[in-house]
Amino acid sequence: MRALIADDDRTTTTMLARTLDRWGFEVSVAHDGGAAWEALASPTPPALAIVDWIMPGADGPELCRRLREDPTRAPVYVILLTARTSRRDVVAGLDAGADDYLTKPFDHDELRARVQVGRRVVALQQRLSERVAELQDVLSNMKQLRGLLPICAYCKRIRTDHDYWEQVEHYITDHSDAQFSHGICPHCYEAVKKEFGQS
Amino acid sequence: VEQPALDGAAPPTTLAPARAEPPRTLGFDERTLRARVAQDEELLSDVVRVFIEDCPVRLAAIEAAVDSRDPNAVRTAAHALKGAAGNLSAMGLFEAARTLERIGAESRVEDIDGAWRALAAEAARVLDDLKQFEASRTAPAGEATCAR
């Protein structure tokens, strides 16, 4: 899983980058808002980003807002890094679109726990989008019954798209996953009996 | 009464001189710093080295902001050092940077110089301690170590 660390402070990026690398992330680092946005807005963005609140170029909440503006963008789990701890600041950060926040100086165990939450959410999102892609695939290949079927009022054949009149059971079998088992209803039974000369 | 220096009998247990002065506390907290890097010795060295390189750059930026008398520049420059100091567990420096940042935010221009002097002194202390700490860690076995 790829992760971006965005902070203008090299001490913090050194610490975070190595720690996440040890946890199995493929880490990239940005030292200002511009470089961070370049990574986040790329067609293949990192799955997780730890972004400092205050950076030259663009600050963390601004990057979150830009990310969330376009719902078609690949999702990035953003942890906002902040020395601000007031409830108002936390709410402002989350409102801007951050998924979580971490206060500086950070605690190693708290970082691990929050990154773990991020990893779980990213994995869930990936599974969900894979499932949606599978369903879209199934839908596009699925046989569909048309909404309005032209049917003969007498023989009950259905006119196909190619102007061919088809037995109703053939039509339904061809256009859905339904299958037919054949029998004789009590109403038809007498007529059939007569036809075959039985008493 | 000044006592004679210990004649190389035992390694010093603090960074204080081996005289009868009370041992002073370090400018950073080694225990929480070690916890933050999960006891990774190599990362500890890297982080200390990066801070030793980076801190003077930050201090120069703060000094330039102080000289410019621009409270907003002071706030931004002080903030940049605050994060680094905090993650290095240099809490005295963290507080000094926070004070200067707040002074900048509140545009209390008359308080800038005093807070800057306090911050510069604290930064010098932290840098000295870190350099000594790093030297003691990289010294060959058997030489004095920086125990706390």
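First things first, this report covers the structure right here in the doc. Please read these numbers as outputs of a predicted model, since none were measured by experiment.

Summed over the entire model, instances satisfying the criterion amount to 1 aromatic pair over all chains. When the centroid spacing of 5.1 Å and the interplanar angle of 65° are considered together, the rings of B:Phe28 and B:Phe133 count as edge-to-face. In this pair, B:Phe28 is assigned in the segment before helix H1 (30-36) and B:Phe133 in helix H5 (residues 112-138), connecting sequence segments 105 residues apart. With respect to burial, B:Phe28 and B:Phe133 carry one shared label: buried. If you follow A:Arg114 out to its NZ or CZ, it ends over the ring of A:Tyr101, 5.5 Å from the centre. Geometry around A:Phe106 places B:Arg36 over its ring, the cationic atom sitting 5.9 Å from the centre.

Let us look at the packing of helix H4 (residues 91-105) of chain B against H5(B). All names here are of chain B. Orientation of H4 relative to H5, taken along the N-to-C sense of each, is 160°, at an axis distance of 9 Å. One finds that H4 runs roughly antiparallel with respect to H5. The way H4 lies across H5 gives a crossing that is left-handed. The residues of H5 that touch H4, namely those facing Gly-92, Leu-93, Ala-96, Ala-97, Leu-100 and Ile-103, are Ile-112, Ala-115, Trp-116, Leu-119, Glu-122, Ala-123 and Val-126. Across the contact of H4 with H5, the residue classes break down as 11 nonpolar, 1 polar and 1 charged.

Residues and elements named next belong to chain A. Interhelical geometry of helix H2 (residues 33-40) versus helix H3 (residues 60-69) gives an angle of 25° and a closest axis separation of 11 Å. Our classification of the angle between H2 and H3 gives roughly parallel. Where H2 crosses over H3, the two elements pack in a sense that is right-handed. Facing H2, whose interface residues are Gly-33, Ala-36, Trp-37 and Leu-40, H3 presents Leu-63, Arg-66 and Leu-67. Each residue belonging to the contact of H2 with H3 can be placed in one class, and the counts come to 5 nonpolar, 1 polar and 1 charged.

Attention now moves to the side chain of B:Asp40. Take B:Asp40: it is sitting in the loop between H1 and helix H2 (41-68). Judged by its relative accessible area of 16%, B:Asp40 falls in the buried class. At 3.1 Å, the side chain of B:Asp40 and the backbone nitrogen of B:Glu42 are in polar contact. At 2.9 Å, the side chain of B:Asp40 and the backbone nitrogen of B:Leu43 are in polar contact. Apart from residues no more than four positions distant in its own chain, B:Asp40 is found in contact with A:Arg18 and A:Arg22.

Interfaces are often sized by the accessible area lost when the parts come together. On the side of chain A, 16 residues touch chain B, which itself brings 25 residues to the contact. The interface formed by chain B and chain A includes 5 salt bridges. Here B:Asp40 ties to A:Arg22 by a salt bridge, and the two come within 2.6 Å at their closest N and O atoms. Linking chain B with chain A are 8 residue pairs in polar contact (both at pLDDT 80 or more). Every element with two or more residues in the side of chain B that touches chain A is listed here: H1, H2, helix H3 (71-87) and H4 of chain B. Ranked by the residues each element gives to the side of chain B that touches chain A, the list is headed by H2(B), at 9 residues. Within the side of chain B that touches chain A, the residues separate by chemical class into 13 nonpolar, 4 polar and 8 charged.

Here the focus is the layout of surface pockets. By volume, the largest pocket is sized at about 310 Å³. As for the largest pocket, its lining consists of 14 residues, of which A:Ala83, A:Arg84, B:Lys82, B:Arg98 and B:Glu101 are closest to the centre. Of all the secondary structure elements, the ones that give two or more residues to the lining of the largest pocket are H3 and H4 of chain B. By residue number, the principal contributor to the lining of the largest pocket is H4(B), which donates 5 residues. Here the residues of the lining of the largest pocket sort into 4 nonpolar, 3 polar and 7 charged.

What follows concerns the pairing of strand E4 (residues 77-82) of chain A. Residue and element names in this part refer to chain A. Most of E4 sits out of view: 6 of its 6 residues are buried. A two-sided burial pattern is seen for E4, the buried positions comprising Tyr-77, Ile-79 and Leu-81 on one face and Val-78, Leu-80 and Thr-82 on the other. Relative to E4, strand E3 (residues 48-52) runs parallel, the two sharing 5 bridges. Each residue of the ladder has a partner; that of Val-51, found in E4, is Leu-80.

All right, on to the sheet that holds strand E1 (residues 2-6) of chain A then. Residues and elements named next belong to chain A. What the 5 strands build is an open sheet, ordered E2-E1-E3-E4-E5; its pairing is parallel. Looking along the sheet, the strands with just one partner apiece sit at the ends: strand E2 (26-30) and strand E5 (100-103). Pairwise comparison of adjacent strand axes, ignoring direction, gives a mean angle of 20° for this sheet. Here E4 pairs with E5 via 4 bridges, running parallel. By the bridge assignment for E5, Leu-81 is matched with Leu-102.

Parameters and conventions
- Residues numbered from 1 in each chain as written.
- Chains lettered and ligands numbered in written order.
- Predicted model: local features only at pLDDT ≥ 70, side-chain atom pairs only at ≥ 80, totals over all residues.
- Heavy atoms only, no water.
- Phe/Tyr/Trp six-rings, centres within 6.5 Å; stacked < 30°, edge-to-face > 60°.
- Helix = DSSP H or I, 4+ residues; strand = E, 2+ residues; numbered from the N terminus.
- Buried < 20%, exposed > 50% of the residue type's maximum accessible area, 1.4 Å probe, protein only.
- Lys NZ or Arg CZ within 6 Å of the ring centre and 35° of its normal.
- Axes fitted to C-alpha atoms, helices over the stretch in contact; angles between N-to-C directions.
- Parallel < 35°, antiparallel > 145°, perpendicular 65-115°, else oblique.
- Left-handed = near helix turned anticlockwise from the far one by under 90°.
- Contact = heavy atoms within 4.5 Å.
- Nonpolar A, V, L, I, M, F, W, Y, C, P; charged D, E, K, R; others polar.
- Polar contact = N/O pair within 3.5 Å; in protein donor to acceptor, adjacent residues only side chain to side chain.
- Salt bridge = Lys/Arg side-chain N within 4 Å of Asp/Glu carboxyl O.
- 1 Å grid on protein atoms, 1.4 Å probe; cavity = no way out; pocket = protein on both sides within 12 Å on 5 of 7 lines; lining within 4 Å.
- Points joined across faces, edges and corners; volume = space filled by probe spheres on them.
- Pairing = 2+ DSSP bridges.

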